Structures are given as C-alpha cells and as structure tokens.
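The chain contents come next:
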Amino acid sequence: MIKLYVFDLPFRTPFVTSKGSLAARKGVVIEYTAPEYTAVAEVAPLPGFSTTDFDSICVDLVDFKHHLTSLLDHFSNVLSQSGSPHSVKSDKSISSEFNFSGGQNELEIESHAGAQLIDLVHSISEQYLGVDFDHLSPEIRFAVDSLILQLVVQHSTLDFSKCKTDILLNCTVNSTESAKTKYEQGYGTFKIKVGLNLEKEINLIRDVRDMFADVQIRLDANGAWGLNEAAVALKAFKDFKIQYVEQPVAESLLAAHGELLRSIGVPIAADESARDHLSISNLIEKKSVDVLIIKPTLIGSFGNLIEILKMSKDHALDIVFTSTLDSVINRTLISFMTASLSDLRFAQGLATGQLLHHDLTAYPDNILEGTLKQAIYDIRDLSKDLLYERLVRIA
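Let us look at the structure shown here. (Residues numbered from 1 in each chain as written. Predicted model: local features only at pLDDT ≥ 70, side-chain atom pairs only at ≥ 80, totals over all residues. Heavy atoms only, no water.)

Turning next to helix H10 (residues 302-314). Its 13 residues place the ends of H10 18 Å apart at the C-alpha level, agreeing with the 18 Å of an ideal helix rising 1.5 Å per residue. Taken from the residues just after H10, Ala316 is the one with a positive phi, measuring 60°. (Helix = DSSP H or I, 4+ residues; strand = E, 2+ residues; numbered from the N terminus. Expected span 1.5 Å × (residues − 1).)

Printed below as a string of structure tokens:
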C-alpha cells in the first residue's frame with residue numbers, strides 16, 4: 001500500500017541561490033507499507049535546478065501510485081520467498097572499481113556492502129522497472145530506487161547500526177568572526193561566497209588564510225562572473241591555496257571554456273552546471289572541471305550515479321556529495337551513499353539540515369566538531385521517527 005504526503009518546511013532565513021530565493025522546502029513523501037515493514041522516500045524538486053516542479057510531481061505521483069504499488073508488492077513478494085536479495089543476482093559489481101578504504105576515515109566492511117547494495121539496486125531496477133519508468137523525473141527515479149534499497153536492506157543480514165563512519169563537512173563563512181566561530185566548532189573546510197566585490201572578497205580570503213593556515217578554503221561564485229572576470233579573479237586567488245572555485249561562470253560558459261579556466265592553476269568545480277546526468281557527462285568529456293558537486297536526487301537512478309562515478313574515476317575527478325536542501329529522509333539516504341561510494345578525501349556538503357527551521361523528525365543531524373557522525377545510518381526504518389503531524393496526505 002502506498003500513501004502520499006506533502007510537506008512544507010520553512011528555512012530559518014530565506015535561502016538565496018543563483019536561481020532566486022526560497023522561503024521553504026516543499027516536497028512529497030512516498031510511504032510504502034508491506035505486511036512487516038514500511039519504507040519511505042522523498043520527492044522534492046528544487047526550484048531553479050530541477051527540470052520539473054512541485055505541482056507536476058504531485059500529479060505524476062498520484063497517476064503513478066497504483067503502478068508503483070504493484071511493482072513494489074511484486075518485488076517484496078520475491079524477496080520474501082527467496083529469503084535473500086542476492087538471489088536477484090547483480091552482474092555489475094562496482095566494489096572493485098572504487099577505493100572505499102581511503103581518505104580521512106577507514107571505512108568498515110559494511111561500507112563495502114553499502115556499495116554492493118547500491119549496485120544491486122541498480123541491477124534490480126534494470127530488471128524490474130524497464131522502459132515504463134524512463135519518462136519519470138530524476139527526483140522520482142531516485143525515490144523509487146530508494147524504496148527498493150530499503151526493501152533490499154529489510155531482507156539483508158548486514159547490521160548497519162555497527163557502522164561508525166564519519167563524514168567531514170564544509171561550512172559557509174562570511175567574515176573573520178564567523179570563520180573563528182566555525183573553526184572553534186571543529187570545521188576544517190570553509191566555503192566563502194564570491195562574485196560581488198572582488199577587492200573585499202580578496203581581503204576576506206587573505207584574512208581567513210592568515211588566521212587559519214591549516215583549513216581548506218573553497219570559493220563559490222554561483223556563476224556570477226563572465227569569462228574575463230573569472231580569469232582575473234582566479235589569478236588573484238592563486239596565492240591563497242584555494243581547494244577549488246565552485247561555478248565561476250554560467251553553465252554554458254563553464255562547459256565551453258572550463259578547460260581554459262583550469263589552466264590558470266586554481267581547481268574548478270561544477271555545481272549548477274552539474275545538474276543532471278547529461279550535463280555532467282558533457283563536463284567530463286570536455287575536461288571542463290576538476291571537481292563535481294553531485295546532487296544524487298538530480299541524477300535520478302542509482303544506475304546513472306554509478307555511471308557518473310565511474311566516469312569521474314576514469315578522468316581523475318574529485319567528487320563532493322551534497323543535497324538539494326532536502327528533508328531528513330533524503331539527507332539520510334545521501335549520507336549513506338556518500339559513505340558507501342566516496343573516498344571521503346574532501347569535506348562533503350551535507351550540513352544543509354541546519355538551514356531548516358524544523359524537519360520531518362525532531363532529531364537534528366548528528367554533527368559534532370565539523371563532522372557528520374556515524375553517517376551510515378540504519379536505513380531499515382526511515383519512517384520510525386517521522387512526525388506525521390508535519391505531513392498532509394494527498395493520496
């Protein structure tokens with residue numbers, strides 16, 4: 001049985017992006033109930049980034065509800081009868097494609113299993129979904145694979161609660177005072193917004209670098225510069241040991257001229273330009289960036305994500321995972337994917353729950369000393385702590 005709920009979570013202060021300002025985060029929760037367990041998923045298009053909108057996904061999900069229920073019922077029965085998800089054999093293991101034990105933390109064996117489970121979901125999706133799902137938005141495809149993942153985990157013998165993988169996080173600072181506060185809180189990677197006043201921004205970056213020689217500094221221009229302005233700014237930043245500059249120019253300029261900007265010597269990252277599977281493939285092929293900011297919900301299926309990660313590895317690109325300002329449901333799933341698929345060499349953009357005034361659970365993310373603690377959560381029951389009073393049922 002499937003129930004659909006909508007949510008509307010206000011931000012603490014309006015969230016400003018290069019695409020506009022958001023007062024709240026709206027989305028849909030899909031709740032699938034089987035005889036012995038419940039799985040939940042989130043579908044929340046991000047205005048200005050997603051190719052669809054809230055009203056459209058509500059219509060699509062209501063229309064799609066019966067078909068999805070039949071599919072999940074069938075798959076749940078297959079799992080119950082087989083006793084193991086691995087009877088649906090995966091022939092595309094990615095566990096050998098990535099180094100899961102590198103980076104800041106030694107990942108425990110369950111993180112290897114996490115990668116294998118994600119790949120298994122990809123194989124199951126290919127086998128059970130077929131072309132009927134190809135027309136759906138990336139956000140819905142991610143949600144469907146998330147539901148399948150939870151069904152697989154329900155039948156797995158792995159104890160995910162034993163995982164204690166920590167994920168380093170970045171934070172945003174806009175002054176030396178805020179940088180000092182965040183440093184005292186344990187953050188080791190600062191993001192500074194740039195693109196408005198280069199002289200003031202250089203002074204702030206210089207001051208922060210002088211104060212904290214050991215921190216990583218990222219800059220985020222949100223596509224504010226033209227090509228010539230970006231070149232001037234990048235040259236000015238070269239002496240400050242910048243980890244990367246995020247989205248220095250608009251999406252079309254970065255794809256076409258990213259390789260030229262990279263030649264200046266400051267690493268370039270794509271955020272707004274990395275909006276979907278096609279655009280990311282284009283950036284990789286044109287050698288436009290050094291780093292990809294990956295929002296899994298915009299990528300769509302787990303299969304698309306696996307393909308992008310393989311392409312990134314083949315081209316020696318670094319990956320930073322982040323959310324699309326989602327609720328705790330998608331943040332938990334993305335944290336699971338990050339811990340399972342990333343080498344965790346870079347701090348990740350997963351502290352976005354702090355931007356919400358309240359969430360779909362009463363518990364804040366477990367962030368301590370700039371680190372998301374025990375980031376592979378027990379995803380067997382994401383519905384356990386949901387506050388249904390913050391949801392409105394629509395179907």
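With that out of the way, let us pick up the environment of Leu198. Tracing the sequence through the fold places Leu198 in helix H5 (residues 198-211). Counting along the chain gives 38 residues from Leu198 to Ala236, while the straight-line C-alpha distance between them is 9.0 Å. Apart from residues no more than four positions distant in its own chain, Leu198 is found in contact with Val232, Ala233 and Phe237. (Contact = heavy atoms within 4.5 Å.)

Looking at the element boundaries, Thr338 is found in helix H11 (residues 328-341). For Thr338, the residues in contact, after removing those within four places along its chain, are Ile167, Phe321, Leu344, Gln348 and Leu350.

In this section: the sheet that holds strand E9 (residues 268-270). Strand order across the open sheet formed by 7 strands is E5-E6-E7-E8-E9-E10-E11, with parallel pairing between neighbours. Here the strands that pair on one side only, and so sit at the sheet edges, are strand E5 (171-172) and strand E11 (318-321). The pairing of strand E8 (residues 242-246) with E9 spans 2 bridges and is classified as parallel. Note that in E9 the partner of Glu246 across the bridge is Ala269. Along the sheet face, H5 touches strand E6 (189-193), strand E7 (216-220) and E8 and points at about 165° away from the line of E6. (Pairing = 2+ DSSP bridges. Axes fitted to C-alpha atoms, helices over the stretch in contact; angles between N-to-C directions.)

To continue, consider the pattern of salt bridges. Applying the stated criterion across every chain, the model contains 11 salt bridges. Arg275 is paired through a salt bridge with Glu251; the nearest N and O atoms lie 3.1 Å apart. Here Arg275, found in the loop between E9 and helix H8 (277-285), pairs with Glu251, found in helix H7 (residues 251-262); they are 24 residues apart in sequence, far enough to count as distant. The exposure class assigned to Arg275 is buried, which follows from its relative accessible area of 18%. Overall, Glu251 belongs to the partly exposed group, its relative accessible area being 25%. Notably, a salt bridge pairs Asp359 with Arg331, separated by 2.8 Å at the nearest N-O pair. Of the two residues, Asp359 sits in the loop between H11 and strand E12 (367-368) while Arg331 sits in helix H11, which places them 28 residues apart along the sequence. Neither residue differs from the other here; Asp359 and Arg331 are each classed as buried. (Salt bridge = Lys/Arg side-chain N within 4 Å of Asp/Glu carboxyl O. Buried < 20%, exposed > 50% of the residue type's maximum accessible area, 1.4 Å probe, protein only.)

Even without a glycine there, the phi angle at Asn222 is positive, about 50°. As for its position among the elements, Asn222 is in the loop between E7 and helix H6 (227-237). By relative accessible area, which is 22% here, Asn222 ends up partly exposed.

This brings us to helix H3 (residues 138-154). Here H3 spans 24 Å end to end across 17 residues, near enough to the 24 Å set by a 1.5 Å rise per residue. Judged by how many residues are buried, H3 sits mostly within the fold: 15 of 17 residues are covered.

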